[in-house]
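# Residue-level structure breakdown
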Amino acid sequence: MLESMMLKGGIIMNIWNVFTVVRGAIIAITLVVLMGHNPTSAQETRKITPNYLRCEYRVNPLGIDVALPRLSWVVESNERSQKQTAYRILVAGSPEKLNQNTGDLWDTGKVKSDETIHIAYGGKPLKSRMFAYWKVQVWDGQDMPSAWSETALWSTGLLKAEDWMAEWIGYDVPLSNRQKLDLQLQAANVHYKRFKCVYLPSPYLRTDFHLDKAVRRAVVYVTALGLYELHLNGRRVGNDYFTPGWSDYRKRVYYQTYDVTDLLRPGGENVVGAILSDGWYAGNISNQGQRHYGDKLRLRLQMHIEYEDGSEQVVASDGNWRASDGAIREGDIQDGETYDSRREMVGWSGQNFDDNGWKPVVTDDNIKIMVQAYPGIPVHGTMEIKPIALTEPKPSVFVYNLGQNFSGWARLRVRGKAGDKVVLRFAEMLNPDGTIYTTNLRGARATDTYILKGGGEEVWEPRFTFHGFQYVEVTGYPGKPDMETITGIVAHSDLPVVGSFECSNPLVNKLYSNIVWGQRSNYFEVPTDCPQRDERLGWTGDAQVFVRTASYNMDIGAFFTKWLVDLEDGQFEDGSFPSVAPTVHGGTAAGWGDAGVVCPWTIHRVYGDTRILEKHYDAMVRWVDFLDQRSKGHFSPPLGSWGDWLHIDAPTPLELIATAYFARSASLMADMARAVGRDGEAEKYEKMFNDISSAFTNRFVTSDGKVYGDTQTAYLMALGFNLLPDKMRPRAAERLVDRLRERDWRLSTGFLGLNLLLPTLTKVGRIDLAYRLLTNREFPSWGYTIDQGATTIWERWNSFTKENGFNDPGMNSFNHYAFGSVGEWMFSTLAGIDTDGAGFKRIIIRPQPGGDITWVRAGYNSIRGNIAVEWKFEGDDLILNTTIPANTTATVYIPAKNEGDVTESKGPAGQSPGVRLLRMESGAAVFEIGSGSYSFVSKGAKSILMQKH
Ligand code: BGC
């Protein structure tokens, strides 16, 4: 597998690719030179360094419209117990000023504080289109200052609606009579809309403008109804795909901001252009058919060019632009792209192109949608995958196996004559005869078609579609394709990877890989359920059961900042949160709507982000009010009909699930109310939680601990959500174990029960069973899917079984992350990395070895820096090496008979620098450590652990 950044469009774009990288390097070097990263010898002796500066979760974000953006950094040090005791932030309007240590926008002075995250900007009011350069200096535990950090920046976007002068423009491609009729029928009849697609060619839009002076900086703000791909002087701008992203277009659309200074050509003609495509706005969405939000593709673009002499020019979309259709004949996220390269308009976005044949654009002044800065993380091509096998199951039908199920598309390499038509179809699985299995894609056509222009090698990738697949079928290929013909391009929201996990058991490693691939494939603008069939929706239940796992794998801060807006935008009048966000169809359900509470709570817990709680607080209150109002005596009637979705023959009563989740939402509300300083409300929600728990126990639990429904999930909710009085817990735990035993230690839980399963077994003292389930290979289990060749997490335990083959194709995805929610336990318990309170300021290091696993190596790059844990058995001893970031502390639990059996760096642990013995607790010596790296050995720990299993 080859990691590389990619741009589409063959040779020209590949050159641009190189250019982009070089340009990035030049910018980096210039920043260093301009911005005064001048390492001095004094710095070498400094004990502490501020690093990895972020603004609103992102590194050097452009075009932010948050009024008071929040700044974060990590503190690095090689020393134990090193702390930050103060900081000073400087924010300047130019790198030169910052270089002179002048914070003309904000100079905090020395602030006594150990805070390093989410520090809200408090300087001069920010105006539109400003660049702010910033750096930070920190003081260590001995009040010694660090060197200044490297310089970071952010820029503001168009902060007021009036800042937009650009018009919405588009090109309504002329229609045939047939197309007109079909569109009318689509508009009149939803059924027709779903089954009769009308694809229209992509509009290409362009304008030229003259630059006669030296340019200091040019920044473009751009959005579309539909998708856009932006070009400037023959080059693609940036490397984002599927811009402007998917939002609830009934309310808002986002714009992106790009610094295009280096793409301009002072002293002559310049050309800016864009290609539009249907995307989520006008293309197929779920199974709802096309044109869900609207049918007219529109572009809005505003480029601000500042000259060296201080004057400014604005190039904006307006009625002077010209338009044409071109090579992209069809473009649909689900159905695929059709590209006729004979219709390519070579050089269409460059100088000296004759656009006489092009038509005037239309301008549209009826569009009232809110336009805001994109707060998320864009989709990128992140990896290339080479095929591992090529077969020909039928004459001239070639099938490539890429060895991995993923989301993205394929790059085609072909030689032939003009008019040859190569068709690519995509699938997750094969039929027994080796042909591709596409029935489970339902209505998604998932077909890309390339028509050759002839005359040499042609390299093509689609731009406006993605597929979920492992196999590519190639037909119509002129001659015999080879292993170079197809390359898989992995595409998804390009979130920073923060987790790593490896252990001695290859099955568990494969499970971890499958979880990460499930996330990679489905964190695509929104957390989707699946990337392949005609669904691909932001299912809220799936999102909430997986969110904590997701946060261990990738930095999901910005991604959820965006998606929680989608979720709130979809909140219904009655206060209920939707089952999918952005909301495409109606309804809520227990465990789905609760995502509106669980996800903000999780983001707060992981990133210490209180602003996200404040922002969504009222919406969350409305949700809990909704639950409260429909409840009867604190007991909830069924809410929705999905229950413990996709359980195996173990239906849990709907009213039990609804009541349990009602309690869960109330208890998380209490937590969040406290976090934002609303103590009175916290008490109210605590009381609500207690009342619901009592109602739950009275109604659903017998005196001997039998929970209504008597399913694994019923016990998991009762125990996992703390709904039972203490005295009832042991009996309920025994019954949970009975339910597992009677199924021969196999799983039966659905989406809602599963993420509680291993953590609850651990909590009730049966971690041995957690390990047993984790490493089981019998159906139903993760191991079973892996033995059937799974490279991602499947939608169902029985998506495919040896006995029955494929499950019902009406709903059977092989890339659905919900059952991957066990990843949370792998990090928190197997590796033993967790937060104590919000935001990893206090860390818990508590690996709980078990099963046949003899070593684990895991890392988690928290918002405050890197945490590492490595444990292994050596003879009868347990070795635990751990590192925690500067300015944090951790409570470390080390299995031991008594504290005297534990050493650190070969000496008695309790006396080691940075280590303090706290207590013995449940067979573990508990220490507090300050920052740094530690190596603990617990003598004879293996035998103690063995006794537990
Ligand atoms: C989706 C699930 C979702 C479920 C709810 C399915 O079609 O794929 O992920 O949670 O519907 O019923």
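Residues numbered from 1 in each chain as written. Predicted model: local features only at pLDDT ≥ 70, side-chain atom pairs only at ≥ 80, totals over all residues. Heavy atoms only, no water.

## With respect to the overall build of the protein chain
Quick reminder of the rule: Secondary structure elements are taken from DSSP: a helix is a run of H or I of four residues or more, a strand is a run of E of two residues or more, and numbering for both begins at the N terminus. Only C-alpha atoms enter the radius of gyration; for comparison, a globular chain is expected to reach 2.2 Å times N to the power 0.38, where N is the number of residues. Computed with the Shrake-Rupley method and a 1.4 Å probe, the accessible areas treat only the protein chains shown as cover for residues. Within this scheme the basic residues Lys and Arg register as positive and the acidic residues Asp and Glu register as negative, but His and the chain ends are omitted. To locate a charge, take atom NZ for lysine, CZ for arginine, CG for aspartate or CD for glutamate.
Looking only at helices and strands, one finds 20 helices and 50 strands in the protein chain. For 949 residues, the compact-globule estimate of 2.2 N^0.38 gives 30 Å, and the C-alpha radius of gyration of the protein chain, at 29 Å, lies within 12% of that figure. In terms of its C-alpha atoms, the protein chain occupies a principal-axis envelope of roughly 85 × 70 × 55 Å. For the protein chain, the computed accessible surface area is about 34100 Å², with 50% contributed by carbon and sulfur atoms. Taking the average place of the 102 positive charges on the side chains of the protein chain and the average place of its 111 negative ones, the gap between the two points comes to 1 Å.

## Describing the sheet that holds strand S3 (residues 70-76)
Counted only if it meets this: Strand pairing follows a simple DSSP-based rule, namely that at least 2 bridges must link the two strands.
Taken together, three strands build an open sheet; the order of strands is S2-S3-S7 and the sheet is antiparallel. For this open sheet the edge positions go to strand S2 (49-55) and strand S7 (119-120), each flanked by a neighbour on one side alone. Relative to S7, S3 is paired through two bridges, and the arrangement is antiparallel. The residue of S7 that forms the bridge with Arg70 is Ala120.

## A closer look at the pattern of salt bridges
Short version of the rule: Throughout this description, the term salt bridge denotes a Lys or Arg side-chain nitrogen within 4 Å of a carboxyl oxygen of Asp or Glu. A simple rule labels every residue: compare its accessible area, found with a 1.4 Å probe on the protein chains alone, to the largest value its type can have, and call it buried under 20%, exposed over 50%, or partly exposed in between.
All chains considered together, the criterion is met by 60 salt bridges. With a shortest N-O distance of 2.7 Å, Asp107 and Arg88 are connected by a salt bridge. Pair noted here: Asp107 is in strand S5 (residues 106-107) and Arg88 is in strand S4 (residues 86-92), with a separation of 19 residues, a long-range link. With relative accessibility at 34%, the residue Asp107 sits in the partly exposed group.

## Details of the sheet that holds strand S16 (residues 268-277)
Within a sheet, adjacent strands bond to each other through the backbone by hydrogen bonds, running parallel or antiparallel. On the basis of which strands lie adjacent, the open sheet formed by six strands has the order S14-S13-S16-S11-S19-S22 and antiparallel pairing. Pairing within the sheet leaves two strands with one partner each, and these edge strands are strand S14 (235-236) and strand S22 (359-360). In the sheet, strand S13 (residues 227-232) pairs with S16 via six bridges, with the strands oriented antiparallel. Across the sheet, residue His231 finds its bridge partner in S16, namely Gly273.

## Quick notes on the confidence of the model for the protein chain
Convention followed: pLDDT is defined as a per-residue confidence score from the predictor, taking values between 0 and 100. For this analysis, residues touch if any pair of their heavy atoms sits within 4.5 Å.
A residue-level look at the protein chain finds 94% of positions with pLDDT of 70 or above and a mean pLDDT of 94. In this model, residues 1-43 is a region of pLDDT below 50 whose contacts with residues beyond four sequence positions or in other chains number 74 contacts.

## Here we look at the site of the ligand
Rules: One heavy atom suffices: a residue is near a molecule or strand as soon as one of its heavy atoms comes within 4 Å of it. Polar contact is defined as a pair of N or O atoms within 3.5 Å, subject to the rule that within protein one atom must be able to donate a hydrogen and the other to accept it, and that residues adjacent in sequence are counted only when both atoms are side-chain atoms. Note on residue classes: Ala, Val, Leu, Ile, Met, Phe, Trp, Tyr, Cys and Pro are nonpolar, Asp, Glu, Lys and Arg are charged, and everything else, Gly too, is polar.
As a structural note, the neighbourhood of the ligand is formed by Asp529, Arg533, Glu535, Trp539, Asp542, Trp592, Trp642, Trp645, Phe751, Glu795, Met811 and His816. One of the side-chain nitrogen or oxygen atoms of Asp542 is found 2.4 Å away from an oxygen atom of the ligand. Contacts to the ligand include Glu795, whose side-chain N or O atom sits 3.4 Å from an oxygen atom. Relative to its unbound accessible surface of 310 Å², the ligand loses 95% to contact with the protein. Its residues assigned to classes, the shell around the ligand comprises six nonpolar, one polar and five charged.

## Description of the packing of helix H16 (residues 751-763) against helix H17 (residues 767-775)
When two helices pack together, their arrangement is captured by the angle between the axes and the distance separating the axes. Worth spelling out the cut-off: For every element, the axis is a line fit to its C-alpha atoms; helices are fit only across the contacting stretch, and the angle between N-to-C directions ranges from 0 to 180 degrees. Oblique is the label for any angle not covered by the other classes, which are roughly parallel (under 35 degrees), roughly antiparallel (over 145) and roughly perpendicular (65 to 115).
Interhelical geometry of H16 versus H17 gives an angle of 150° and a closest axis separation of 7 Å. Viewed along their axes, H16 and H17 adopt a mutual orientation that is roughly antiparallel. Each of Leu757, Leu758, Leu761 and Thr762 in H16 lies in contact with H17, whose residues at this interface are Ile767, Leu769, Ala770, Leu773 and Leu774. Class assignment for the residues of the contact of H16 with H17 results in eight nonpolar, one polar and no charged.

## Topic: the pairing of strand S42 (residues 855-862)
Both strand S35 (residues 499-503) and S42 contribute to a ladder of five bridges, which runs antiparallel. Looking at the pairing, Gly499 lines up with Tyr860 of S42. Sheet analysis places S42 next to strand S43 (residues 865-874), joined by eight bridges and oriented antiparallel. Within S43, the position partnered with Tyr860 by the bridge is Ile867.

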